[in-house]
Amino acid sequence: MSKDRILIIDFGGQYNQLIARRVRECGVYSEIMNYDSADIKSIKAFDPAGIIFTGGPQSAYLEGAPGVDPEVFEMGVPVLGICYGAQLMAYLLGGSIGTAPTSEYGRTEVCIDDKGGILRAADDSNVCWMSHTDYISETPEGFIVTAHTDECPVAAMEDRKRGFYAVQFHPEVNHTDHGSEFIRSFVLDVCGCDQSWKMDSFAETQIEEIREKVGDDKVLLALSGGVDSSVVAALLARAVGKQLTCVFVDHGLLRKDEADEVSAVFGPDGPFELDFVRVDAAQRFYDRLAGITEPEAKRKTIGEEFIRVFEEEAHRIGTVDYFAQGTIYPDIIESGLGKSAVIKSHHNVGGLPDHVDFREIIEPLRMLFKDEVRQLGRELGLPESLVSRQPFPGPGLGIRIIGEVTADKVKIVQDADAIYREEIAKAGLAGTISQYYAALTNMQTVGVMGDFRTYDYAVALRAVITSDFMTATAADIPYDVLQRVMTRIVNEVDHVNRVFYDLTSKPPGTVELE
C-alpha cells in the first residue's frame, strides 16, 4: 500500500464515510479508524501523509468526550478538523469552545475571509452544510479565521505554518459548494499526496498477496452472483485458479428466477472456468427463520446458516483452509467500527457466528466502496452487464420482508418485485436508478376487489439514487409508471391489495428496509 494515504479518525459523525470517499476520489487511499482505537502508537504505525478529524455528536469540552492524544499535533503531519473535529482541534490547542447563541443546521451562507489556504476554490459567499450547536468562540494561538457566518465567528480557521486546518461546516457533503475541492486541496496541496490509488495496481497487489497467503491450499468462495462476490471470484481465479471452489447457496430468498440465472452464468455451461457448486437450501433457511421477526436476529440467523452450509460443503470437498466472501467497506462501517453505532449487521460481518471452521477468512474487497468494486471488476475483464448489476443484499428477501419470513411471503415479494423491475425496464429507467426493489410490509389493510372486502398485505416500492450507497435520495419515478406498477401488482399478485412508494432518504433511513 502506498504511503500516500490519509487517516480519518472517526468521532461518531453521520457523514464520516463520505470523507473517506472524497479522499479516494482524489486518487489517494484513505482509511477510517475509530477514536477509541486511535492511540498515538496506532496512528504512527499507519504512517499517514495527513489526518482528518470527523464530526461527532458530543461537546469537545465535556469530561469523557471523544478525544485524541495531543501528541498527534507534534507528528509534523497536516491535520484537518471537520465540525466536531474542528472544535476538538481548537480545544486541544488552547482555544475556547462554547454553546452557540443560535444553532446552525442545513444550507448556510458562509462568508469567506481568506482564500490563501484550502478554501481557494470558494465563492466569496459560499453555501455550506452546517450541523452544530457548539462553536469555536476563540481560536488557538497561531490560527487565523478564514471564514465566518452571521451566527458563527469561526466557520473556518487555519494555521498554515503548522499545517492545521479546521472547518465548522461539512465539506464532504454535496450540499457544500466546492466542498470536494476543499478536501482535494488539503489532500493534494497541503499533504502533498501522489494520486496512486488506482484499481489496476490494487488488483495486482491483491492477486500477489492472495497467492502468497494461500500457497497450495484450497479456497471456498461464497458466490451469490452479485457484483461483490463475482469480482472476488474473478480476483481469486486469477490468483489461485483451480484451487478455488465457488459455492452458490440458493437460500430461497433470491429474486424470481435468480438462482437459475446465477447458475447459467457461473455454472459449467457459463463463460467462467470455475468449480461451481449449487446448494438448494431453501427449506433449511425457512425452518431456521420460523418465528423470528427482529431484523438483527434475522440477519445473524441467515449469516450463521450461510457459514454452516459452507462448512458442510467444504467437508464434502475435502480440506479447505480459506473461506472467501465479498465483504466491502460499507458493510464493515455499518456493522460498527470500534465504539461506533451498529446501523445494521451485515450477514458477512456482524452476522458471522463466533466460531467458523476455516483457518482464515479472505476478504479482498473489505476496504473498497461499491463504485471501486465495479471499477475493479472492469479491470479484471468482467462484462459490464455483471459489473453494473443491481446490488442485492446477502440476506436477500429476508430483509425485504418485515416480520417473520415464510415461503408464501417470499413468493409475494418475488412476484411483486419482478413486475416492478419489468415496468422500470419498459420505461427506460433501469440505468438511471441505483437500486430499486419491492418489499413486503408487515401490515394488512382493508380493501375492496370485485365488490368484495379484502384484508391483505401492503407492498412497499423502494428506489434510490446514490453514488456510494452511504447516502441516498429517493428516485423521482414518473407517476404514470408507479400507477402501472401498482395496478399490475394488485391485479397479478395474490394477497396484496395496497402499494406504497418509500420517499425516505439515507440518512435517516437505509437503502434496505431492515
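Located above this text is the structure these notes cover.
Since the model is a prediction, treat every value here as computed from it, not as a measurement.

Engineer: Tell me about the packing of helix α13 (residues 407-426) against helix α14 (residues 479-492), and name the residues and values.
Structural biologist: Where α13 contacts α14, the axes come no closer than 9 Å and their chain directions differ by 150 degrees. With respect to each other, α13 and α14 are oriented roughly antiparallel. As α13 runs across α14, the sense of the crossing is right-handed. From α13, Ala416, Ile419, Tyr420, Glu422, Glu423, Ile424 and Lys426 reach across to α14, where they touch Val481, Arg484, Val485, Arg488, Ile489 and Glu492. Residues of the contact of α13 with α14, tallied by class, amount to seven nonpolar, no polar and six charged.

Engineer: Residues and numbers for α13, please.
Structural biologist: An ideal rise of 1.5 Å per residue puts 28 Å on 20 residues; α13 measures up with 29 Å between its terminal C-alpha atoms. Three or more residues of α13 are buried, namely Lys409, Val410, Ile412, Val413, Gln414, Asp415, Ala416, Asp417, Ile419, Tyr420, Glu423 and Ile424. On its buried face, α13 is in contact with α8 (282-289), β15 (435-449), β16 (452-465), α14 and β18 (496-502). Count one or two residues on from α13 and you reach glycine 428, which has phi positive near 70 degrees.

Engineer: How would you sum up the sheet that holds strand β11 (residues 244-250)? Please name residues and give values.
Structural biologist: The sheet built from five strands is open, its strands ordered β12-β11-β10-β13-β14 with parallel pairing. The open sheet is flanked by β12 (275-280) and β14 (360-362), the only strands paired with a single partner. Mean inter-strand twist for the sheet, computed between neighbouring axes without regard to direction, equals 25 degrees. One ladder, built from three bridges, connects strand β10 (residues 219-222) with strand β13 (residues 322-324); its direction is parallel. Directly across from leucine 220, in β13, lies its bridge partner phenylalanine 323. Relative to β14, helix α5 (residues 199-214) is tilted by about 160 degrees, and along the sheet it contacts β10, β13 and β14.

Engineer: Explain the pattern of salt bridges to me, and be specific about the residues and the numbers.
Structural biologist: When their charged atoms lie close together, side chains carrying opposite charge are able to pair. Counted according to the given criterion, the structure contains 39 salt bridges. Note that arginine 211 and glutamate 208 form a salt bridge whose closest N and O atoms lie 3.1 Å from each other. On the criterion of helical spacing, the pair formed by arginine 211 and glutamate 208 is a turn pair, its members being three residues apart in helix α5. With a relative accessible area of 36%, arginine 211 lands in the partly exposed category. Of the charged contacts, one joins aspartate 217 and arginine 359 as a salt bridge, the two residues approaching to 3.2 Å between their closest N and O atoms. Here the residue aspartate 217 occupies a position in the loop between α5 and β10, and arginine 359 occupies one in the loop between α10 (329-334) and β14, the gap between them amounting to 142 residues. Accessibility expressed as a relative area gives 23% for aspartate 217, which makes it partly exposed. Within this structure, Glu422, Glu423, Lys426, Asp480, Arg484, Arg488 and Glu492 form a network of salt bridges that share partners.

Rules and cut-offs
- Residues numbered from 1 in each chain as written.
- Predicted model: local features only at pLDDT ≥ 70, side-chain atom pairs only at ≥ 80, totals over all residues.
- Heavy atoms only, no water.
- Axes fitted to C-alpha atoms, helices over the stretch in contact; angles between N-to-C directions.
- Helix = DSSP H or I, 4+ residues; strand = E, 2+ residues; numbered from the N terminus.
- Parallel < 35°, antiparallel > 145°, perpendicular 65-115°, else oblique.
- Left-handed = near helix turned anticlockwise from the far one by under 90°.
- Contact = heavy atoms within 4.5 Å.
- Nonpolar A, V, L, I, M, F, W, Y, C, P; charged D, E, K, R; others polar.
- Expected span 1.5 Å × (residues − 1).
- Buried < 20%, exposed > 50% of the residue type's maximum accessible area, 1.4 Å probe, protein only.
- Pairing = 2+ DSSP bridges.
- Salt bridge = Lys/Arg side-chain N within 4 Å of Asp/Glu carboxyl O.

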